[in-house]
Amino acid sequence: MKKHAWAVLYTIALTAFTTYISLDTFVLAKSYNTNATDINTAMFSGMEVSSGISDSIKQDNTDQDTTDGSEKIEHSRHKHPGGWSKDSGFPEKFKDRKAPDDSESTEDSNAPSDNESANNSESTTTSEYTGETSYKDENVTIELTTYDEYDTKIYVADVTLTSAEYLKTAFAEDTYGKNVTDITSDIAEKNGAILAVNGDYYGARESGYVIRNGVVYRDSVNGSDVLCIYANGSMEVVKDSEYTADELLEKEVWQAFSFGPALVEDSEIAVSTNTKVDREMSSNPRTAIGVIDENHFVFVVSDGRTSESEGLSLYELATFMEKLGVETAYNLDGGGSSTMYFNGQVVNNPTTSGKIKEREVSDIVFIS
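What you see is a predicted model; the values in this text were computed from it and never measured.

Chemist: Would you take a moment to explain the overall build of the protein for this structure?
Modeler: When you go through the protein residue by residue, the secondary structure sums to five helices and 22 strands. Residue burial in the protein is summarised as follows: out of 368 residues, 53% are buried. Put simply, of all contacts in the protein between residues at least 6 apart along the chain, 76% involve residues at least 24 apart. With an accessible surface of roughly 16,800 Å², the protein has 47% of that area assigned to carbon and sulfur atoms.

Structure below.
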């Protein structure tokens, strides 16, 4: 009888401990900085500001002479808004880049997914974004385009800035902490964002560099690829073993994210069909950011887990980013987190638990 009692007590204690660990890891919020709104703009002092839209971008947005048979690229939202496909060819804007090889399969049953289980069995009806597709002021130019590729709807925001200072980040509830979350659109609205996507969900982990708006919030390593966005508007992916967080700050890193992996480096695809990420499956909603030239970025979000959009593997996402002409591209948190917000509306169809619904996240990347 005594042995039985001890077994019962041990089971209760083990259950309580396991429950606490689960709650502490995924649910219980811990606030480390409840006014995490600091912006360190010192690295921009004395930096030359570009004159705005580059000549190449201006050319892309003007009417082109079509006597040679080429078509004008329209940055408007419709079923096939200039997106490439294996049948129709690549957009004129990217005609010098190699299109996907039809003989090479981009599907792989072992390809990764995000950190939330896929739920493709549910038939979910998506909605079409009918809002604005462009924005321009003296410092920011944004053009939205939607592509239909890999049986998936992919949303691309082409962003040109006069300075990387306009590419910012924000924490949920203006709080740096663990499991402090809010939906992307609410964080975006509170921070006056023109465009926003979800970040790296730093709050689900207790390690990995966190540098936001020129401020170091976390300097512990976790062996990840770190995306560095520099004050000069360039991007680079480094290993966290190569630099300390303070050294990155000295190198004028404006934003740093610890998720990954790197998708494109030196204009070449950096992943393969065998690339694995913990708890990942094949096709899922995705979020990525890439740089084409200094202060010329692309924000990419794909739908997934619905009857209308399968989602992307990391290799498919990397291939798509490479076709956009990026020098560097990086995978941010995906799955239910994947959300794009523009001018007061959610552009894509975020999926949470089989429904079109935003999932709460720790942080966003936004343009203001």
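Chemist: Sorry if this is basic, but what is going on with helix α5 (residues 314–323) here?
Modeler: At 3.6 residues per turn, the α-helix brings residues three or four places apart onto the same side. Taken across its ten residues, α5 has ten buried, putting it largely inside the fold. Considered for burial, the residues of α5 that qualify are Leu314, Tyr315, Glu316, Leu317, Ala318, Thr319, Phe320, Met321, Glu322 and Lys323. Among the residues trailing α5, Gly325 stands out with phi positive, at a value near 90°.

Chemist: Explain the packing of aromatic side chains to me, please; I cannot follow it from the model alone.
Modeler: The geometry of an aromatic ring pair is captured by two quantities: the separation of the ring centres and the angle between the planes. Applying the stated criterion across every chain yields a total of eight aromatic pairs. Judged by centre distance (5.0 Å) and plane angle (90°), the rings of Phe171 and Tyr217 are edge-to-face. Linking Phe171 in strand β5 (residues 167–171) with Tyr217 in strand β9 (residues 215–218), this pair joins segments that are 46 residues apart in sequence. Each ring, one from Tyr176 and one from Tyr202, has its centre 5.3 Å from the other, and the planes form 15°; the classification is stacked. In this pair, Tyr176 sits in strand β6 (residues 176–178) while Tyr202 sits in the loop between β7 (195–198) and β8 (210–212), placing the two residues 26 residues apart along the sequence. Ring pairs connect the aromatic residues Tyr32, Phe171, Tyr176, Tyr202 and Tyr217, which therefore count as one cluster.

Chemist: Honestly, the pattern of salt bridges in this entry has me stumped. Any pointers?
Modeler: It is possible for side chains bearing opposite charge to pair when their charged atoms get close. Considering all chains together, one arrives at ten salt bridges under this definition. The partner of Glu173 in a salt bridge is Lys190, with the nearest N and O atoms 3.9 Å apart. Here the residue Glu173 occupies a position in the loop between β5 and β6, and Lys190 occupies one in helix α3 (residues 184–190), the gap between them amounting to 17 residues. We classify Glu173 as partly exposed; its relative accessible area is 43%.

Chemist: Would you mind going over the sheet that holds strand β15 (residues 286–293) with me for this structure?
Modeler: Remark on secondary structure: sheet strands pair via backbone hydrogen bonds, oriented parallel or antiparallel. Across the sheet, eight strands lie side by side as β2-β3-β4-β16-β15-β17-β13-β14; this open sheet has antiparallel pairing. Looking at strand neighbours, the two that pair on one side only are β2 (134–136) and β14 (268–269), the edges of this open sheet. Where α5 meets the sheet, its contacts fall on β3 (140–149), β4 (152–161), β13 (262–265), β14, β15, β16 (296–302) and β17 (328–332), and the angle it forms with β13 comes to roughly 30°.

Chemist: Even after reading the chapter, I still don't get the environment of Arg205, so can you show me in this structure?
Modeler: Inspection of the secondary structure assignment puts Arg205 in the loop between β7 and β8. Between the alpha carbons of Arg205 and Asn222 there is a distance of 9.4 Å; along the sequence they are 17 residues apart. In terms of polar contacts, Arg205 uses its side chain to reach the backbone carbonyl oxygen of Tyr201, at 3.1 Å.

Chemist: So what exactly am I meant to see when it comes to the sheet that holds strand β18 (residues 340–342) here?
Modeler: Taken in spatial order, the five strands line up as β5-β22-β7-β18-β19 in an open sheet, and their pairing is antiparallel. Lying at the two open borders of the sheet, with one neighbouring strand each, are β5 and β19 (345–346).

Definitions and limits used
Residues numbered from 1 in each chain as written. Predicted model: local features only at pLDDT ≥ 70, side-chain atom pairs only at ≥ 80, totals over all residues. Heavy atoms only, no water. Helix = DSSP H or I, 4+ residues; strand = E, 2+ residues; numbered from the N terminus. Buried < 20%, exposed > 50% of the residue type's maximum accessible area, 1.4 Å probe, protein only. Contact = heavy atoms within 4.5 Å. Areas by Shrake-Rupley, 256 points an atom, 1.4 Å probe, with all protein chains shown as cover. Phe/Tyr/Trp six-rings, centres within 6.5 Å; stacked < 30°, edge-to-face > 60°. Salt bridge = Lys/Arg side-chain N within 4 Å of Asp/Glu carboxyl O. Pairing = 2+ DSSP bridges. Axes fitted to C-alpha atoms, helices over the stretch in contact; angles between N-to-C directions. Polar contact = N/O pair within 3.5 Å; in protein donor to acceptor, adjacent residues only side chain to side chain.

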